[in-house]
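Examining the three-dimensional arrangement
These are the residues of each chain, in order.
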Amino acid sequence: MNALAATNRNFRQASRILGLDSKIEKSLLIPFREIKVECTLPKDDGTLVSYIGFRVQHDNARGPMKGGIRYHPEVDPDEVNALAQLMTWKTAVADIPYGGAKGGIGCTPKDLSTSELERLTRVFTQKIHDLIGVNTDVPAPDMGTNAQTMAWILDEYSKFHGYSPAVVTGKPIDLGGSLGREAATGRGVVYATEALLAEHGKSIKGLTFAIQGFGNVGSWAASLLHERGGKVVAVSDITGAVKNSNGIDITALIQHKEATGKLADFNGADAMDANDLLTHECDVLIPCALGGVLNRENAGDVKAKFIIEAANHPTDPDADEILTKKGVTILPDIYANAGGVTVSYFEWVQNIQGFMWDEEKVNQELKRYMTRAFHNIKGMCHSHNCNLRMGAFTLGVNRVARATSLRGWEA
Ligand SMILES: NC(=O)C1=CN([C@@H]2O[C@H](COP(=O)(O)OP(=O)(O)OC[C@H]3O[C@@H](n4cnc5c(N)ncnc54)[C@H](O)[C@@H]3O)[C@@H](O)[C@H]2O)C=CC1
Ligand SMILES: O=C(O)CCC(=O)C(=O)O
């Protein structure tokens, strides 16, 4: 099942549980606006290449639309649509005053030079600048993009609209970025994991973790788990995978990755087949890369007792069913990875206030938001006798549905 069908299915199930009016259900399912633009890039060698850029703005009932921009060869309109919808429920679960959006360009960033990436980002921004804005739609980084990408968007947007730091989040600190935003998604994953484990009378210290993806989210999550005494026993990325049943020294692995560009040949761990990462022996599995990685082919072989969905939609509905039957507890993406957009909200607030918070305040507030959302989700699980995914979906969908009906339908 593709990402959009799976997301729609979860939404419809939540809508049934909540008994939503059919008019509201239909309106929440259809995106507010879908943008598809051609981005022609003059390459360094003088040739021209066309890429397709997308921005799907799903819903704005609770505030400006918010969500990342992804540069990846598999970016397609259905997936961006699903990711935009997930952002609507995620911002509502976190209870931050936003709707949901997502964007992307179907490209392979590692095959482009820095100046090609800059030109591509500027062309994309020229095509969408009238449809984004501080109070309309606020992009942020996602897979394949980073603070530098946001700086280019900010600069290009500002040529049309005047200097507007709050038009993007996840910016470099020197341009009004928030302290703590770079680590925020991984840190939020760790706060979410702590909240879940505490419910089960457990803590991070001494538990074993397997992590798929070692980019922004995966490396920060691994590093903070390691810092708290968690044993990260396996890590993979696009270049390969490593394992050590005694726990990998994550600080050393990050240094090795920075120096060599790959995980392989790291002294403190053995090489393993990256395809085995998701079924590796561990207590907690944390997918931090692509969607749909847990499916009917591999779900039955998962050894972990807990799955923390740091990636967006890593578990397809078949896998969800298989894992639930096996007694695996899944902490869903629209909660588990909400730390990033929560600190994006803090960044936007700081830009609007013109006042910078210190990192301690950012992290304290992030913990407060993540803990509150966990208890709100548990409340929905109890009220509706459902699992954590449906607890999170009903929480988010209900908040958006209430805002939608309060705003009314008159043209
Ligand atoms: N960056 C953020 O603030 C947020 C990111 N997310 C989600 O987290 C996930 C990761 O995002 P980032 O860390 O920002 O991206 P990133 O681009 O920094 O890192 C992605 C990582 O995934 C690895 N990867 C790619 N294909 C792989 C494969 N087939 N097997 C194993 N590893 C593979 C890459 O090598 C890289 O280490 C995505 O699903 C994204 O949507 C969710 C919330 C916020
Ligand atoms: O920080 C943001 O605005 C969005 C992050 C994002 O794309 C996500 O949570 O999937």
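In the annotation of an unreviewed UniProt entry, the entry for the protein chain reads Glutamate dehydrogenase, and the organism field reads Penstemon smallii. One UniProt comment on the protein chain, placed under Sequence similarities (unreviewed entry), says "Belongs to the Glu/Leu/Phe/Val dehydrogenases family."

Some points on the packing of helix α12 (residues 359-384) against helix α13 (residues 388-407)
Each pair of packed helices can be described by the angle between their axes along with the distance between the axes. In contact at an axis separation of 8 Å, α12 and α13 are set at 100° when each is read in the N-to-C sense. When the interaxial angle is binned, α12 and α13 end up roughly perpendicular. Between α12 and α13, the contacting residues are A373, N376, I377, K378, M380, C381 and H384 on the first element and L388, G391, A392, T394, L395, N398 and R399 on the second. Taken together, the residues that form the contact of α12 with α13 break down as seven nonpolar, five polar and two charged.

Comments concerning α13
Given a rise of 1.5 Å per residue, 20 residues ought to cover 28 Å, and the 29 Å separating the end C-alpha atoms of α13 matches this to within 8%. The N-terminus of α13 is capped by N387, whose side-chain oxygen sits 3.2 Å from the backbone nitrogen of R389. Among the residues trailing α13, G408 stands out with phi positive, at a value near 85°.

Structural notes on the site of ligand 2
Around ligand 2 there are 13 residues in total, and K66, G68, K90, K102 and S344 lie nearest to it. A distance of 3.0 Å separates an oxygen atom of ligand 2 from a polar atom in the side chain of N312. A distance of 2.6 Å separates an oxygen atom of ligand 2 from a polar side-chain atom of S344. Mapped by element, the contributors of at least two residues to the shell around ligand 2 are β3 (65-71), α3 (77-94) and α11 (339-353).

Details of the site of ligand 1
The local shell around ligand 1 holds 22 residues, among which R70, D142, T185, A289 and N312 are the closest. V217 is positioned such that a nitrogen or oxygen atom in its backbone is 2.9 Å from an oxygen atom of ligand 1. Between ligand 1 and I238 there is a distance of 3.0 Å, counted from an oxygen atom to a backbone nitrogen or oxygen. Contributing elements (two or more residues each) for the shell around ligand 1: α6 (181-199), α7 (216-227) and β7 (231-237). Considered class by class, the residues forming the shell around ligand 1 number nine nonpolar, nine polar and four charged.

Digging into the UniProt feature "active site" (unreviewed entry) in the protein chain
In the numbering used here, UniProt assigns the "active site" (unreviewed entry) feature to K102. On the secondary structure map, K102 appears in strand β4 (residues 100-105). When sequence neighbours within four positions are dropped, the list of residues in contact with K102 reads F54, R55, V56, G68, V80, L83, A84, M87, D142 and N312.

Examining a negative patch on the surface
A surface patch of like charges, here negative, comprises E34, E74, D76 and D78. Mapped onto the secondary structure, D76 falls in the loop between β3 and α3.

Focus: the pattern of salt bridges
One pass over the full model with this rule turns up 24 salt bridges. Note that D265 is salt-bridged to K262, the shortest N-O span being 2.9 Å. Take K262: its relative accessible area is 31%, and that puts it in the partly exposed class. Here the residues in one salt-bridge network are E118, R122, D155, E156 and K159, joined through shared partners.

Observations regarding the domain arrangement of the protein chain
Parsing the protein chain into structural domains produces domain 1 (31-165) and domain 2 (185-336). Computed from C-alpha atoms alone, the centre-to-centre distance between domain 1 and domain 2 is 27 Å. With both sides pooled, the region where domain 1 packs onto domain 2 buries about 810 Å², and carbon together with sulfur makes up 63% of that total. Taken together, domain 1 and domain 2 are joined by zero salt bridges. At the junction of domain 1 with domain 2, the criterion picks out two residue pairs in polar contact (both at pLDDT 80 or more). Counting residues per element, the side of domain 1 that touches domain 2 draws most heavily on α3, which supplies six residues. When grouped by side-chain class, the residues that make up the side of domain 1 that touches domain 2 number five nonpolar, one polar and six charged.

Calculation criteria
Residues numbered from 1 in each chain as written. Chains lettered and ligands numbered in written order. Predicted model: local features only at pLDDT ≥ 70, side-chain atom pairs only at ≥ 80, totals over all residues. Heavy atoms only, no water. UniProt positions renumbered as here; feature names shortened; annotations may be inferred. Axes fitted to C-alpha atoms, helices over the stretch in contact; angles between N-to-C directions. Helix = DSSP H or I, 4+ residues; strand = E, 2+ residues; numbered from the N terminus. Parallel < 35°, antiparallel > 145°, perpendicular 65-115°, else oblique. Contact = heavy atoms within 4.5 Å. Nonpolar A, V, L, I, M, F, W, Y, C, P; charged D, E, K, R; others polar. Expected span 1.5 Å × (residues − 1). Polar contact = N/O pair within 3.5 Å; in protein donor to acceptor, adjacent residues only side chain to side chain. Near = heavy atom within 4 Å. Patch = residues over 30% accessible without salt bridge, like charges linked within 9 Å, V, L, I, M, F, W, Y side chains within 5 Å. Areas by Shrake-Rupley, 256 points an atom, 1.4 Å probe, with all protein chains shown as cover. Salt bridge = Lys/Arg side-chain N within 4 Å of Asp/Glu carboxyl O. Lys, Arg positive; Asp, Glu negative; His and termini not counted. Charge placed at Lys NZ, Arg CZ, Asp CG, Glu CD. Buried < 20%, exposed > 50% of the residue type's maximum accessible area, 1.4 Å probe, protein only. Domains from an automatic or database assignment. Buried area = accessible area lost by both parts, 1.4 Å probe.

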